[in-house]
Amino acid sequence: MSDTAKKVVTRFAPSPTGLMHVGGLRTGLFAWLWARKNSGTFILRIEDTDKIREMPGSKEQIMESLSWLGLTWDFGPDKPGTWGSCIQSERLSVYKTYAEKLIEKGLAYPDPYTEEEVEAFRKKAEENKLPFLFRNHRPETFESWDGTKPLRFKVPELKRYEWHDEVRGALSAGMEALDDFVLIKADGFPTYNFCHIVDDIEMGVSHVMRGEEFISSTPKFLSLYEALGVQPPIFATLPPILGESGTKKLSKRDGAKDVLDYRAEGYLPGAMVNFLAFIGWNPGGEKEIYSIQELIKSFSIDRIQKAGARFNPEKLDWINKEHIKLLPMEEAFEKMLSYFKDESLSELSLERLKKLLPVAYDRMNTFSDFHTDFKNGEYSYIIEAPVYDQKNIIWKTDTLENAQKHLREVKSILSTLPDDLWNLENIKHAVWEYAEKEGRGNVLWPLRYSLSGKDKSPDPFTLAFALGKDETLKRI
Ligand code: GLU
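Treat the numbers as computed from the prediction; the structure is a model and nothing was measured.

Thresholds, definitions, all that
- Sequence order as written defines residue numbering, which begins from 1 separately in each chain.
- Residues qualify for local features only when their pLDDT is at least 70, as the model is predicted, and side-chain atom pairs are given and counted only at 80 or more; totals for whole chains, interfaces and linings, by contrast, use all residues.
- Only hydrogens and water are set aside when side-chain values are computed; all heavy atoms of the structure are taken into account.
- By convention, a stacked pair of Phe, Tyr or Trp rings (six-membered ring in the case of Trp) has centres within 6.5 Å and planes under 30 degrees apart, an edge-to-face pair has planes over 60 apart, and any other such pair is tilted.
- Only DSSP runs of H or I reaching four residues or more are called helices, and only runs of E reaching two or more are called strands; each is numbered from the N terminus.
- Per-residue accessibility, obtained with a 1.4 Å probe over protein chains only, is compared with the maximum for each type, and a residue is labelled buried under 20%, exposed over 50%, and partly exposed between these values.
- In our convention, an over-ring charge means Lys NZ or Arg CZ found within 6 Å of a ring centre and within 35 degrees of that ring's normal.
- Expected span of a helix: the number of residues minus one, times 1.5 Å.
- Under the rule applied, a polar contact is a pair of N or O atoms within 3.5 Å (in protein, one hydrogen donor and one hydrogen acceptor; residues adjacent in sequence only if both atoms are side-chain atoms).
- One heavy atom within 4 Å of a molecule or strand makes the whole residue count as near it.
- Residue-level accessible areas treat just the shown protein chains as cover; the underlying method is Shrake-Rupley with a 1.4 Å probe.
- Whether a set of points on the 1 Å grid over the protein atoms alone is a cavity depends on a 1.4 Å probe fitting there but being unable to get out, while an open set qualifies as a pocket with protein on both sides within 12 Å along at least five of seven lines; lining residues are those with an atom within 4 Å of a point.
- For a molecule to be placed in a cavity or pocket, more than half of its atoms must lie within 2 Å of the grid points of that cavity or pocket.
- Side-chain classes are defined by residue name, with Ala, Val, Leu, Ile, Met, Phe, Trp, Tyr, Cys and Pro counting as nonpolar, Asp, Glu, Lys and Arg as charged, and the others, Gly among them, as polar.
- Where helices are involved, their axes are fitted lines through C-alpha atoms of the stretch in contact, as for all axes, and angles between N-to-C directions lie from 0 to 180°.
- When an angle is under 35 degrees it counts as roughly parallel; over 145 it counts as roughly antiparallel; between 65 and 115 it counts as roughly perpendicular; any other value is oblique.
- Each crossing is labelled by how the near helix is turned from the far one, with a counterclockwise turn of less than a right angle marking it left-handed and a clockwise turn marking it right-handed.
- For this analysis, residues touch if any pair of their heavy atoms sits within 4.5 Å.
- Grid points are joined across faces, edges and corners, and a volume is the space filled by probe spheres set on the points.
- Following DSSP output, two strands are said to pair if at least two bridges run between them.

A. Highlighting the packing of aromatic side chains. One pass over the full model with this rule turns up 21 aromatic pairs. Between the aromatic rings of tryptophan 395 and tryptophan 445, the centroid separation amounts to 5.5 Å while the plane-to-plane angle is 40°, which identifies the pairing as tilted. Of this pair, tryptophan 395 sits in the loop between helix H14 (367-375) and helix H15 (400-415) while tryptophan 445 sits in helix H17 (residues 440-452), and the two are 50 residues apart along the sequence. Judged by its relative accessible area of 27%, tryptophan 395 is partly exposed. Counting every residue linked through ring pairs, the aromatic cluster contains Phe30, Trp34, Phe278, Trp281, Tyr290 and Phe299. Against the face of phenylalanine 30 rests arginine 26, its NZ or CZ located 5.2 Å from the ring centre. Sitting above the plane of the tryptophan 445 ring, arginine 448 keeps its charged end 4.7 Å from the centroid.

Here you go:
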């Protein structure tokens with residue numbers, strides 16, 4: 001075998017019929033990871049031969065979703081290959097050539113019946129509680145195909161097929177799964193069953209990764225590969241994604257959303273990729289937070305599970321939070337800022353917000369959560385001094401006099417800390433000894449309250465650091 005024949009080539013082949021939901025994208029991600037892991041090729045192919053179900057804008061949305069997640073394609077709608085376009089509706093002549101090859105071999109024929117007649121066959125079979133098989137009605141002699149009638153595959157041999165699936169192991173199905181299926185419809189468009197195989201051959205696809213709904217049709221595919229005299233690719237069936245209940249397939253009711261909705265909600269693409277990768281796969285071990293590069297390195301088909309995998313939005317939140325914590329400070333701040341575009345905050349407020357950001361992490365799953373908290377007044381003290389309620393300044397059973405005494409003391413301690421040494425560590429260090437001596441709550445509660453005016457807010461050291469020396473002393 002030549003090197004090129006051994007090269008890993010995977011494809012993601014969505015139909016542009018609607019939203020790019022997470023289930024679909026997980027399939028794309030696995031194919032992408034496998035290609036990248038093997039320094040192979042990843043193809044984005046648009047399967048748009050069902051013109052009735054096609055939705056305008058869907059193709060663009062697919063491309064945007066993949067781009068957002070960083071799943072770059074080597075060939076795609078905007079990057080044709082040596083085989084030509086990666087959009088099926090632009091490849092009709094290729095399918096026609098393959099159809100003609102089959103006609104020449106006597107393995108394809110025009111369906112002589114009207115739609116009504118085929119429907120009547122189907123009904124009859126149903127009435128007799130038999131599966132409908134077109135091959136039972138295969139005409140004795142074939143007319144030549146002029147393109148106005150559906151072209152059907154003539155199954156060459158009725159037999160049992162056994163094949164290997166990289167995830168499921170040995171699979172097999174009998175001849176009940178074989179039929180004279182339509183290759184090209186009367187409207188000139190090929191069926192999925194036909195054209196995806198032509199494309200997988202033309203594009204040199206080595207591994208086909210897709211959902212379990214295609215297992216039952218695999219014997220049809222295998223008999224077509226045989227008819228064309230081509231070795232089939234390696235099949236890897238991915239586990240279904242189950243809704244939160246863990247019993248049924250993920251549906252909109254379980255919160256299955258368009259992938260770009262997650263972008264709008266402030267999830268990080270790296271977190272989304274990490275989350276999707278773990279739906280039905282895991283590298284083993286305890287570690288669950290992975291960068292894209294780490295996923296590429298660890299990914300393997302033999303750790304893809306067979307059983308359905310639960311879609312758990314809470315896990316996505318957790319993963320996102322962990323990814324936020326790993327962002328370099330400047331990057332985190334930049335990302336956060338994009339949610340504050342309409343706030344027109346002063347430079348000073350922004351500066352304070354930036355210093356608060358690390359402690360805000362614990363309260364948020366996404367940057368958008370942070371923004372919502374901000375809009376709800378959670379961080380109002382960064383813009384202006386709070387209005388105080390004197391009784392709130394007292395910690396538990398302490399007295400107002402004591403609280404005031406502690407504040408005076410802390411103020412004098414902090415005023416000796418030079419401006420250029422005003423950082424989190426030094427502030428804490430300066431106050432700590434006194435707080436330990438007088439009782440942490442007695443000292444730190446009044447301090448925190450005097451800075452934020454809130455019962456709940458970040459610790460007093462962070463607040464003092466964020467507000468700066470002058471403002472801190474003023475508020476105390
Ligand atoms: N267009 C098919 C789908 O969206 C692709 C299936 C496959 O990967 O072969 O389900």
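B. Geometry of helix H11 (residues 313-326). With 14 residues, H11 extends 20 Å between its outermost C-alpha atoms, agreeing within 8% with the 20 Å of an ideal straight helix rising 1.5 Å per residue. Here H11 has its buried residues at Leu316, Asp317, Ile319, Asn320, Lys321, His323 and Ile324. For H11, the side-chain oxygen to backbone nitrogen distance between the N-cap and glutamate 314 is 3.0 Å, and the N-cap itself is asparagine 312.

C. Spatial organisation of the site of the ligand. All residues adjacent to the ligand are Arg11, Ala13, Pro14, Ser15, Glu47, Tyr192, Arg210 and Phe214. Taking arginine 11, its side chain carries an N or O atom lying 2.7 Å from an oxygen atom of the ligand. Within the side chain of serine 15, a nitrogen or oxygen atom sits 3.0 Å from a nitrogen atom of the ligand. In isolation the ligand exposes 300 Å². Once the protein is present, 78% of that is buried. Judged by the proximity of its atoms to the pocket grid, the ligand belongs to the largest pocket. For the shell around the ligand, the per-class residue count stands at four nonpolar, one polar and three charged.

D. Geometry of the packing of helix H6 (residues 192-202) against helix H7 (residues 218-228). Contact geometry for H6 and H7: axes closest at 10 Å, N-to-C directions at 55°. Viewed along their axes, H6 and H7 adopt a mutual orientation that is oblique. Regarding H6 and H7, the two cross each other, and that crossing is right-handed. From H6, Tyr192, Asn193, Phe194, His196, Ile197, Asp200 and Ile201 reach across to H7, where they touch Lys220, Phe221, Leu224, Tyr225 and Leu228. Residues that form the contact of H6 with H7 fall into these classes: eight nonpolar, two polar and two charged.

E. Molecular detail of the layout of surface pockets. The volume enclosed by the largest pocket comes to roughly 1100 Å³. Looking at the largest pocket, it is lined by 43 residues, and the ones nearest its centre are Ser15, His21, Gly24, Glu213 and Phe214. Looking at the lining of the largest pocket, the elements that each hand over two or more residues are strand E1 (9-12), helix H2 (22-37), helix H3 (58-69), H6 and strand E8 (207-210). Tallied by class, the residues present in the lining of the largest pocket amount to 17 nonpolar, 13 polar and 13 charged.

F. Representation of empty space enclosed by the protein. If you walk through the whole model with that rule in mind, you get one cavity of 30 Å³ or more. Empty space within the largest cavity amounts to approximately 70 Å³. Forming the walls of the largest cavity are Trp163, Asp165, Leu171, Val208, Arg210, Gly211, Phe214, Ile215, Thr218, Phe235, Ala236 and Thr237. At the level of secondary structure, the elements contributing two or more residues to the lining of the largest cavity comprise strand E5 (161-165), E8 and strand E9 (234-237). No other element matches the three residues that E9 contributes to the lining of the largest cavity. Residue composition of the lining of the largest cavity, by class: seven nonpolar, three polar and two charged.

G. Representation of the sheet that holds strand E4 (residues 151-153) in the model. Here three strands make up an open sheet; going across it, the order is E3-E4-E7 and the pairing antiparallel. Only two strands of the sheet have a single partner each, and these edge strands are strand E3 (108-110) and strand E7 (182-184). The sheet shows a mean angle of 40° between the axes of neighbouring strands, direction not considered. The sheet strands contacting helix H4 (residues 92-104) are E3, E4 and E7, and the helix crosses E7 at an angle near 130°.

H. Structural detail: H2. Along its 16 residues, H2 runs 22 Å from first to last C-alpha, staying within 8% of the 22 Å computed at 1.5 Å per residue. Of all 16 residues in H2, 14 are buried, a share of seventy percent or more. Of the residues flanking the end of H2, it is serine 39, one or two places downstream, whose phi is positive at about 45°.

I. Region of interest: unusual backbone geometry. Even without a glycine there, the phi angle at serine 39 is positive, about 45°. Assignment of secondary structure puts serine 39 in the loop between H2 and strand E2 (41-44). Note on serine 39: relative accessible area 62%, which makes it exposed. The backbone of serine 344 shows a phi angle near 35°, a positive value even though the residue is not glycine. The topology assignment puts serine 344 in the loop between helix H12 (329-337) and helix H13 (347-360). Take serine 344: its relative accessible area is 68%, and that puts it in the exposed class.

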